[in-house]
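Examining the three-dimensional arrangement
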Amino acid sequence: MVLEGGCLADPHTRQGFPDLPSPGSSHSYVTTSSSTTSHLSRSKLKVVSVKAKTADMATQQDLQDLIRLMTVTRKMPMLQAMTSIKALQAVNLRSIKQISEAPLPTVQEALKDDKAARALQNACKAVIKRNASASSSPPSGGGALKRESSIASTSPAAKRIKNDVFMVGPVEMTPQELEASLELPICTDEDRIKETVIETNRAPLVLAFAVEMLRYTMPEQPLSSRLSLAQAVVSANSRSKAVSLGLDKGPSADQEGYGEGQPRVRVMGREVAVLKRSGYEWKGEENSEDDGTKGSAVKDTQASTATMASALEPAPTPTTTWSTSQPITMKDSKFIARAIQLKEPSQRKYLMESLMYVHPELKSATHNAWAYRLKPPENANWLTQRTMREESFDDGETGCGDLMLKVMREAGAVDTLVVLTRWFGGTMLGPDRWRLMRNVVTSALSERMRKTGGSISLGGEALWGLDLEAMRKNQPGTTVGGYGSGKQLQPLTHVVGMHIHRPEAARSYLLKSFGKPSPPADETATSPSKKKAAHKTAKVLEAEREENLGLLLGALRLLFDSWADHLDVAELDRRTWAWYCAIRPEVDSGPNGWGGRGAVKLVDILKLRRGHQT
């Protein structure tokens, strides 16, 4: 839903505010003809531009304040709040001030709920009154809610707040810059891993397991999303443990309905509420090519299909056109996908022969996997043939057929054949291949839907893990912080948006959580060299912890690599928790063990690999 002044969306992309300038932008909203401009002085044009820009920014501010009032103060679900704001905009009520001054019947007519309209107007009047009493000057922006000065600051440091739990990250970063800034260390040297023992508590170990597992179970997710989702799991697990130990009590925010209406995903056996990062586009090390396939290849296929009609068998349709994705290359492996209409299973063989004839280079590919989905036949028996007809073939690319069918189901694609081609470059891509295959199939289906005028809703969007506890505790004057977040509770200001687990905070938690076990006290006392080694500088300790994190993630990478091609996603997710339990540090039972640290031998992780278990 798009609201006037822009909708609430991920600030990393600013996709929700297409008509508003980014911070620091010099974009102007003045549109004049060349003849008119020639009669305006430069100073007058500058004034007009600034006024137009200020008016648009005021519109954005009004919208943000109104959403904040509904979701934070009145605890209205985001979807309901956006629907109400759209209805209010339809009757020219676009700010808190306008709603407070409007006749009550006008508000009631917009919301279609007399009680809700009266409550909203009273809340708006209270905001205006509170702001007026707090300042001798009238409230700006139509009654803007008061903010902390740290958020209102325009300094570069204020623009790049990285460790709060709201969706207000580094807005000036591109997706690629954000993902690069979150890169984690990794070392897969087995000899070093076998010799390493780390000391940690359990929460960051769960975080490390979850982040690495998500590379395999949800390969379409960027690192920022994997960190956020993993931290959501840690937070939920830690709170459940706190309740079981008597350290906390009462229902969780999730049980109280703070995540109601939000989509959910399963991570390490636990369902967490998520927020879709619509419009967030990222890529890894792969390169997209433009070899003209989107234009000439489609036309060539159409023309050649008609020429071949007599040589093979009658064409299945009067005109058959392939929709083609952009080729993607990574480490010399090349992927490309094509989609076409299919009415009967018997047409598949002819269509593929036709494709190979037009593009003989496909015959040299390592894999030509395919999948199709067909609606049940019109004369089908409603008892036995009610389901969609689906079939796939991997052609040696393990799991490719199932993945294509999954993407087609998410897209609602029917009566469609998809062919995915890969030229293997000699280097194993690990879980990255799943993301690349999904991307080219998605691209081919999107192109097909565009050509046929159909609608498409593709899965695989990047996600944020929602911080439901922060949503519940975010009241004026309170302090909040997610369980297992690894940071102290701190005051938070009201910022528009759903509370999420920030990936920067999760990364920071990982980097500082894996030290080396301390030597026994008696050894330190008797050995001068060990006593000197025990007193390390902060810089040395930081480098040591980062090295240990890299070795831990490397051990987990080797573990998941050994099982990824032998277990489906659900089973891999289930086993991950069992693997964690097998190697987690031993701590005291009961409340005394809360937050306790213990030793973890990384060689024990390697022993869990397929073929290495005893």
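As annotated in an unreviewed UniProt entry, the protein carries the name Impact N-terminal domain-containing protein and is attributed to Triangularia verruculosa. The record held by UniProt for the protein lists under Sequence similarities (unreviewed entry) the comment "Belongs to the IMPACT family."

Next up on the list: helix α12 (residues 223-244). For α12, with 22 residues, the first-to-last C-alpha span of 32 Å sits near the 32 Å given by 1.5 Å per residue. For α12, the tally of buried residues reaches 17 of 22 residues, placing the bulk of the element in the interior. Two residues or fewer after α12 comes G246, characterised by a positive phi angle close to 80 degrees.

Here the focus is the pattern of salt bridges. Should the charged atoms of two oppositely charged side chains come close, the side chains can pair. This model, assessed by the stated rule, comprises 24 salt bridges. Put simply, D254 and R264 hold a salt bridge, and the shortest N to O gap is 2.6 Å. Taken together, the positions of D254 in the loop between α12 and β2 (264-267) and R264 in strand β2 put the pair 10 residues apart, joining distant regions of the chain. Judged by its relative accessible area of 29%, D254 is partly exposed. Given a relative accessible area of 34%, R264 falls into the partly exposed group. Put simply, E571 and R574 hold a salt bridge, and the shortest N to O gap is 2.5 Å. Residue E571 and its partner R574 are located together in helix α22 (residues 569-583), separated by three residues, close to a single helical turn. Using a relative accessible area of 21% as the deciding quantity, one classes E571 as partly exposed.

Before going further, it helps to spend a moment on the confidence of the model for the protein. When the pLDDT values of the protein are averaged, the result is 74; 67% of them are 70 or greater. Predicted confidence in the protein is weakest over helix α7 (residues 149-152), with a mean pLDDT of 31, and strongest over helix α23 (residues 602-606), with 95. Every residue in residues 4-58 is under pLDDT 50, and counting partners more than four places away or in other chains gives 75 contacts. Low pLDDT, under 50, characterises residues 475-496; the stretch is placed with 54 contacts to residues that sit more than four places away or in other chains.

Analysis parameters
- Residues numbered from 1 in each chain as written.
- Predicted model: local features only at pLDDT ≥ 70, side-chain atom pairs only at ≥ 80, totals over all residues.
- Heavy atoms only, no water.
- UniProt positions renumbered as here; feature names shortened; annotations may be inferred.
- Helix = DSSP H or I, 4+ residues; strand = E, 2+ residues; numbered from the N terminus.
- Expected span 1.5 Å × (residues − 1).
- Buried < 20%, exposed > 50% of the residue type's maximum accessible area, 1.4 Å probe, protein only.
- Salt bridge = Lys/Arg side-chain N within 4 Å of Asp/Glu carboxyl O.
- pLDDT = per-residue confidence, 0-100.
- Contact = heavy atoms within 4.5 Å.

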